[in-house]
Amino acid sequence: MKKEYELKGMSCGGCLNTVKNALLQNHDIEEIELHLNPQKVVLTMDKAIDVSELQAQLSKAGRYTINEKNVVIF
């Protein structure tokens, strides 16, 4: 399953790496596509992951926020 999320707080390539590493801590995430402009992420997952769980992972890495876009890509 692929799902797109809106991200806030990234400003450079270093932020992309930080966010990617934080999200990869969740073993249900298979692939991550990050974009700076506009700030978004497309996650390929084994199963649906609650956005609050993703936010908790990002909060440990810095001042990043993630919001659902209600776009599911199969």
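Residues numbered from 1 in each chain as written. Predicted model: local features only at pLDDT ≥ 70, side-chain atom pairs only at ≥ 80, totals over all residues. Heavy atoms only, no water.

S.K.: Sorry, what's going on with the pattern of salt bridges here?
M.R.: Inspection of every chain in the model, using the stated rule, returns five salt bridges. In this structure, Lys40 engages Glu4 in a salt bridge whose closest nitrogen and oxygen atoms are separated by 3.9 Å. With a gap of 36 residues between them, Lys40 in strand S3 (residues 40-45) and Glu4 in strand S1 (residues 2-8) connect regions that are remote in the sequence. For Glu4, a relative accessible area of 11% corresponds to the buried category. Ionic pairing is found between Asp28 and Lys47, a salt bridge with its closest N-O pair at 3.8 Å. (Salt bridge = Lys/Arg side-chain N within 4 Å of Asp/Glu carboxyl O. Helix = DSSP H or I, 4+ residues; strand = E, 2+ residues; numbered from the N terminus. Buried < 20%, exposed > 50% of the residue type's maximum accessible area, 1.4 Å probe, protein only.)

S.K.: Would you mind going over the side chain of Gln57 with me for this structure?
M.R.: Position of Gln57 relative to the elements: it lies in helix H2 (residues 51-61). For Gln57, a relative accessible area of 12% corresponds to the buried category. Other than its neighbours up to four places away in sequence, Gln57 contacts Ala22, Leu23, Gln25 and Asn26. (Contact = heavy atoms within 4.5 Å.)

S.K.: Would you explain helix H1 (residues 13-23) in this entry?
M.R.: Turn by turn, an α-helix covers 3.6 residues, leaving residues three or four places apart pointing in a common direction. Of all the residues in H1, the buried ones are Cys15, Val19, Ala22 and Leu23. Viewed end-on, H1 has its buried residues packed into an arc of 95 degrees, placing them on one side of the element. On its buried face, H1 is in contact with S1, strand S2 (29-35), S3 and H2. (Arc of directions from axis to C-beta.)

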